[in-house]
Number of protein chains: 2
Amino acid sequence: MAEELAPGPVVILDRPQMGENIGAAARAMWNFGLRRMRLIAPRDGWPNPKAVAMASGAGRLLEDAALFETAEAALGDLSTIYATTARPRGLTKRVLAPEAAMREARARMAEGERVGLLFGPERAGLETAEIVRASAIVTVPVNPDFPSLNLAQCVLLLAYEWRRQGEAVEPALAIPRGGRPAEHLEVARLLDHLVEKLDEARFFYPEAKRESMEVHLRNLFHRLELTEADIRTLHGVVRALGRGAG
Amino acid sequence: MAEELAPGPVVILDRPQMGENIGAAARAMWNFGLRRMRLIAPRDGWPNPKAVAMASGAGRLLEDAALFETAEAALGDLSTIYATTARPRGLTKRVLAPEAAMREARARMAEGERVGLLFGPERAGLETAEIVRASAIVTVPVNPDFPSLNLAQCVLLLAYEWRRQGEAVEPALAIPRGGRPAEHLEVARLLDHLVEKLDEARFFYPEAKRESMEVHLRNLFHRLELTEADIRTLHGVVRALGRGAG
């Protein structure tokens, strides 16, 4: 798969609306050498001739782009995900500027991790349910009086930061985790396991509070940067507790 | 004159062609707080309704923009000029990346100098006669296989660099937690609660592995940077799971 050999983080566009914007995002990526794109349920279907027309010289990124139905599938094999959004919306999650995020991303990729940059739909931006999946939030430090970046500009700035820092990676910045970092899908499955057991125990009560309780729990576990060993331990914990003192 | 009071370098567009691009450049400037624009002989005259339509929220920059007939007049009062161009064209002139250029620009403006960023026409870019006027060349480190930045993107990246270097605090250090951070003892008590329930469920087996399993669990939870709300949630989770599906 071409994607395996290419450098740089994966760019994931969540439910992009206009084909032109997908093409412009591809151009912005390729301007700074990023070439791995994933699409989650583009509004106007895929492939999209308007995206191809806009991408011009970066059309190969669109040909190679991987299409997914859900965020969970698109993010499944990634271990570090940066969600670009202006508003943290009360979630407990690290908020990084592009500079710090790309510095960390480089260090983690140097350790063999799979890193993704997640961008929301043009109008509404990422929803809480998607932000929750991220390891950290990236916020571009725009003028608070005029925070009007469009999708392709946001991709451009992240891609620029990635490349800018490319000349000298300080090994000291590598943040070793004890063991292989968990992939997104492994964390998602742990959460499914936990939620299932909590359902059996009627934890989500009253039902009206279920959604916010589940968001809180999922956000908590996705931000933990768990390792594969942690995942196994926590499955064991959930299983043991679910079994109870019997 | 408003320009005198505004922060940041002056952005000079040399013979811009499309009004839309002038408006997009104004937006890019204002996104990162630059607000002083000068125009040298725009192709379609000035003012230009298409520029105004594109600028939307950044329209005031166009109203305040100063119009000049020649580069010499537009650059006349500046002491440091950075010319953005991809190709140094054999001139003996310093070539800086945006990062180094904006660092130098900040230092010089702090000394009281007047600094300008000079951008050429969309198609052809700056001519040698204009590049010669500059103190240094700024070249954005684009992918050599796809050096396709447009005018507004180039302005955006320079403006971003300007603002990025002005952030007083490393944004990476801002880690807002949703609520009061948990105290160590609160985490320790949560762990005691968890270990108690796990003991009831005979999780720590065989006994010889108990110590390393418990160390792993405690290390995991102490590194999570939990909030007080997280602690309450997790107590609830442990309690619910411990109760089981009864």
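Preceding block: the structure.
Residues numbered from 1 in each chain as written. Chains lettered and ligands numbered in written order. Predicted model: local features only at pLDDT ≥ 70, side-chain atom pairs only at ≥ 80, totals over all residues. Heavy atoms only, no water.

### Describing the overall build of chain A
(1) Moving on: Helix and strand counts for chain A stand at 11 helices and 7 strands.
(2) Moving on: Restricting to contacts in chain A with at least 6 residues of sequence separation, those with at least 24 account for 84%. (Helix = DSSP H or I, 4+ residues; strand = E, 2+ residues; numbered from the N terminus. Contact = heavy atoms within 4.5 Å.)

### Remarks on the environment of V237(A)
(1) Moving on: With respect to the element layout, V237(A) can be found in helix 11 (residues 228–243).
(2) Moving on: The class of V237(A) is buried, set by a relative accessible area of 6%.
(3) Moving on: Each residue touching V237(A), except ones within four places of it in the same chain, is listed here: L194(B), L198(B), F203(B) and L217(B). (Buried < 20%, exposed > 50% of the residue type's maximum accessible area, 1.4 Å probe, protein only.)

### A short note on the packing of helix 11 of chain A against helix 11 (residues 228–243) of chain B
(1) Moving on: At a closest axis distance of 5 Å, the pairing of helix 11 of chain A and helix 11 of chain B adopts a crossing angle of 50°. In this view, helix 11 of chain A runs oblique relative to helix 11 of chain B, as classed from their interaxial angle. Here V238(A), L241(A) and G242(A) of helix 11 of chain A lie close against helix 11 of chain B, whose contacting residues are V238(B), L241(B) and G242(B).
(2) Moving on: Across the contact of helix 11 of chain A with helix 11 of chain B, the residue classes break down as 4 nonpolar, 2 polar and no charged. (Axes fitted to C-alpha atoms, helices over the stretch in contact; angles between N-to-C directions. Parallel < 35°, antiparallel > 145°, perpendicular 65-115°, else oblique. Nonpolar A, V, L, I, M, F, W, Y, C, P; charged D, E, K, R; others polar.)

### Points about the interface of chain A and chain B
Frequently, the measure chosen for interface size is the accessible area that the parts lose on association.
(1) Moving on: Counting from both sides, the interface comprises 66 residues of chain A and, opposite them, 66 residues of chain B.
(2) Moving on: Summed over both partners, the interface of chain A with chain B buries about 5,300 Å², with 61% contributed by carbon and sulfur atoms.
(3) Moving on: Our count for the contact surface shared by chain A and chain B stands at 4 salt bridges.
(4) Moving on: E161(B) is the salt-bridge partner of R164(A), the closest N and O atoms lying 3.4 Å from each other.
(5) Moving on: Seen at the junction of chain A and chain B, the total is 22 residue pairs in polar contact (both at pLDDT 80 or more).
(6) Moving on: Tallying contributions element by element places helix 11 of chain A first for the side of chain A that touches chain B, with 11 residues. (Buried area = accessible area lost by both parts, 1.4 Å probe. Salt bridge = Lys/Arg side-chain N within 4 Å of Asp/Glu carboxyl O. Polar contact = N/O pair within 3.5 Å; in protein donor to acceptor, adjacent residues only side chain to side chain.)

### Considering the packing of aromatic side chains
(1) Moving on: Considering all chains together, one arrives at 5 aromatic pairs over all chains under this definition.
(2) Moving on: Measuring from centroid to centroid gives 5.2 Å for F203(A) and F204(A), while their planes differ by 75°, and the two rings are edge-to-face. Across this residue pair, the class does not change: F203(A) and F204(A) are buried.
(3) Moving on: Among the aromatic side chains, those forming a connected cluster through ring pairs are F32(A), Y160(A), F32(B) and Y160(B).
(4) Moving on: Directly above the aromatic system of W162(A) lies the positively charged group of R106(A), at a separation of 3.8 Å from the ring centroid. (Phe/Tyr/Trp six-rings, centres within 6.5 Å; stacked < 30°, edge-to-face > 60°. Lys NZ or Arg CZ within 6 Å of the ring centre and 35° of its normal.)

Interpretation in functional terms is not warranted from these geometric data alone.
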